[in-house]
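# Breakdown of the fold
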Amino acid sequence: EKGGWSSFMAKEVAEEPEAVANTILGRVKDGQVVIPELDGMDELFAGVQRIIIVACGTASYAGQVGKYAIEQWARIPVDVELAHEFRYRDPIVGPETLVVSISQSGETMDTLMAVKEAARLGAKTLSICNTQGATIPRESDAIVYTHAGPEVAVASTKAFVAQITALYLLALHVGRIRGTVSPAEAARSIHELEALPEKIRWILENEQEHIEQLAHWMADTRSVLFLGRHVGFPIALEGALKLKELSYIHAEGFAAGELKHGPIALIEPGQPVFVMVPSPRGAATLHAKVVSNIEEIRARGARVIAIAEEGDVAVLPFADEVLRIPLAGPIFEPILAVVPLHIFAMGLANAKGLDVDQPRNLAKSVTVE
Ligand code: BG6
C-alpha cells in the first residue's frame, strides 16, 4: 500500500524522520542511552577488544559511518568488512571479538554466512536488523532492532538512516559501560540525535522540490562523482550506489583527500560532482580542506553541487548549486546529508521514466551467495 505516494521509495524517504525517531524510542533513560535488549551484556562490552562490522551494500556504508561513532565514544577499534570478503579470507577472530552484522532484511545470505563463520571461530555476534524474527538475528547472540518499519523499495533508504541511528545508540551504550564517554557528552549527543527527525523533515519540506528540479535538469547526465571526507566519505559512496542502482548511470564515490591521488584526472568541463561539505563546527581543517577540493575541481570545469550546512558561506563562491541541510555537527551530519542524495537518485530515475521501486537486475534481499 503506497498510500497516496507515487512509489514505495517516495513513501519510504518521507518516512525517514519516523525511522530515526522510532529507533531511538525506549532507548534513552535519564539522559543516557540504555538498550534494554542488551541487558546482561555489560561484561562482554567491557571486555571486548575489537569490533568487526559485516554487511553488504548500503548496510555496509551504514557500518562505515558507525565505525566513527563507536571509535569516538566506545574507544574500541572497528573494522568494517563486506560480509562475503570476511568469510573467505580466514579472518583472525576470537572470543574477544564482537562481530556486528547489519541487515535490513535479516536474510542476506552473504551476511548470514559471515555471522555463522564468526560464531564458529568463537566470536560473539550482534545483529542490527529491521525485520523481527529474521534468520540473521535468530543466529546471533544479541539483537538491536531498527524500527524503520517494512521497507519495500529495493533501494534502501529509511532503513539506512535507522541503521546509523542504531549504531550511534550502540556506541553510546557501550561507551557508558566502558566509561569512555562522559555523561555530559553522552547527554549532548543524545540531544543531537533526538533532534535529527525534525531536521530531516526540514530537508524534505524545504529542499525536496529544489533537488527534484535539479535531477530533472540533469536527466541526460552520463556520469556523476561524489566526494566526501570523514563521515561524509561513506555517504559519498552511498550516494553513488543509489544513483547506479536507480538510474543506471556511471556514478562513483571518492574520499575527497584521494582526489589529487587519481580521481582529479576524471574532471573535465561539465562533470557533475556532489561534494559533502563537513560541518564548519567540526575540525576547521577538514572543512577548509574540502572547500579547497571544491576550488580545485571547479578550476577544472566541474559542475559542483555542494551539500552543506545552513549558514556555511565558504562554499558559495565555488558551488554551482548548494543543497542545504540543518546544523547537526560533525558526527551527526551523515544522517542528514544522505537525504538529498536519496531524493536526487529517485528524482533522476523518475526523470528518466524508470521504475524506482524495482530497478533492473536487483532483488530486495539476496538469499543466495
Ligand atoms: C542488496 C540490496 O542486494 O542487499 C541493497 O539491493 C541492500 O539495497 C543489500 O543494501 C543488503 O541487504 P540487507 O537486507 O542485508 O540490508
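Residues numbered from 1 in each chain as written. Predicted model: local features only at pLDDT ≥ 70, side-chain atom pairs only at ≥ 80, totals over all residues. Heavy atoms only, no water.

## Notes on the overall build of the protein chain
Helix and strand counts for the protein chain come out as 13 helices and 12 strands. Computed over C-alpha atoms, the radius of gyration of the protein chain comes to 20 Å, within 12% of the 21 Å expected from 2.2 N^0.38 for 369 residues, which places it in the range of a compact globule. Per-residue burial for the protein chain yields a buried fraction of 57% across its 369 residues. When contacts within the protein chain are restricted to residue pairs at least 6 apart in sequence, long-range pairs at least 24 apart make up 75% of them. Split by element, the accessible area of the protein chain, about 14,600 Å² in all, is 51% carbon and sulfur. Across the protein chain, the 33 positively charged side chains and the 47 negatively charged ones have centroids separated by 3 Å. (Helix = DSSP H or I, 4+ residues; strand = E, 2+ residues; numbered from the N terminus. Rg over C-alpha atoms; globule rule 2.2 N^0.38 Å. Buried < 20%, exposed > 50% of the residue type's maximum accessible area, 1.4 Å probe, protein only. Contact = heavy atoms within 4.5 Å. Areas by Shrake-Rupley, 256 points an atom, 1.4 Å probe, with all protein chains shown as cover. Lys, Arg positive; Asp, Glu negative; His and termini not counted. Charge placed at Lys NZ, Arg CZ, Asp CG, Glu CD.)

## So, the site of the ligand
Not every one of the 13 residues close to the ligand is listed here, only the nearest: Ser103, Gln104, Ser105, Thr108 and Val154. Take Gln104: an N or O atom from its main chain is 2.6 Å from an oxygen atom of the ligand. Within the backbone of Ala363, one N or O atom sits 3.5 Å away from an oxygen atom of the ligand. Compared with its free state, where it exposes 390 Å², the ligand has 91% of that area covered by protein. Across the shell around the ligand, the residue classes tally to 5 nonpolar, 6 polar and 2 charged. (Near = heavy atom within 4 Å. Polar contact = N/O pair within 3.5 Å; in protein donor to acceptor, adjacent residues only side chain to side chain. Nonpolar A, V, L, I, M, F, W, Y, C, P; charged D, E, K, R; others polar.)

## Considerations on helix α11 (residues 232–247)
Between its first and last C-alpha atoms α11 spans 22 Å; for 16 residues at 1.5 Å apiece the expected length is 22 Å, and the two agree. For α11, the buried fraction is high: 14 of the 16 residues fall into the buried class. Looking one or two residues past α11, Tyr248 carries a phi angle of roughly 55°, positive in sign. (Expected span 1.5 Å × (residues − 1).)

## Observations concerning the sheet that holds strand β4 (residues 78–82)
With respect to topology, 5 strands assemble into an open sheet ordered β4-β3-β5-β6-β7, the strand pairing being parallel. Two strands in the sheet have a free side with no partner beyond their single neighbour: β4 and β7 (142–145). Shown here is a sheet whose adjacent strand axes are inclined to one another by a mean of 20°, direction ignored. In this structure, strand β5 (residues 97–103) lies alongside strand β6 (residues 124–129), joined through 6 bridges in parallel fashion. Across the sheet, the residue bridging to Ser103 is Cys129, located in β6. Docked against the sheet, helix α4 (residues 58–74) engages β3 (50–55), β4 and β5, running at close to 175° with respect to β4. (Pairing = 2+ DSSP bridges. Axes fitted to C-alpha atoms, helices over the stretch in contact; angles between N-to-C directions.)

## A word on empty space enclosed by the protein
Under the defined criterion, the tally for this structure stands at 2 cavities of 30 Å³ or more. In this structure, the largest cavity occupies an estimated 40 Å³ of space. For the largest cavity, the full set of lining residues is Val231, Gly232, Ile235, Met276, Glu333, Pro334 and Ala337. Only α11 and α13 (333–351) provide two or more residues apiece to the lining of the largest cavity. For the lining of the largest cavity, the element with the highest residue contribution is α13, accounting for 3 residues. When the residues that make up the lining of the largest cavity are grouped by side-chain class, the tally is 5 nonpolar, 1 polar and 1 charged. Its boundaries defined by the atoms lining it, the second largest cavity holds a volume of some 30 Å³. Forming the boundary of the second largest cavity are Leu225, Leu227, Phe254, Leu259, Pro263, Ile267, Val273 and Ile297. (1 Å grid on protein atoms, 1.4 Å probe; cavity = no way out; pocket = protein on both sides within 12 Å on 5 of 7 lines; lining within 4 Å. Points joined across faces, edges and corners; volume = space filled by probe spheres on them.)

## A few points about the packing of α4 against α11
Interhelical geometry of α4 versus α11 gives an angle of 165° and a closest axis separation of 9 Å. If you check the angle between α4 and α11, you find them roughly antiparallel. Here α4 runs over α11; the crossing is left-handed. Here Thr58, Tyr61, Gln64 and Val65 of α4 lie close against α11, whose contacting residues are Pro234, Ile235, Leu237, Glu238, Leu241 and Lys242. The residue inventory of the contact of α4 with α11, partitioned by class, reads 6 nonpolar, 2 polar and 2 charged. (Parallel < 35°, antiparallel > 145°, perpendicular 65-115°, else oblique. Left-handed = near helix turned anticlockwise from the far one by under 90°.)

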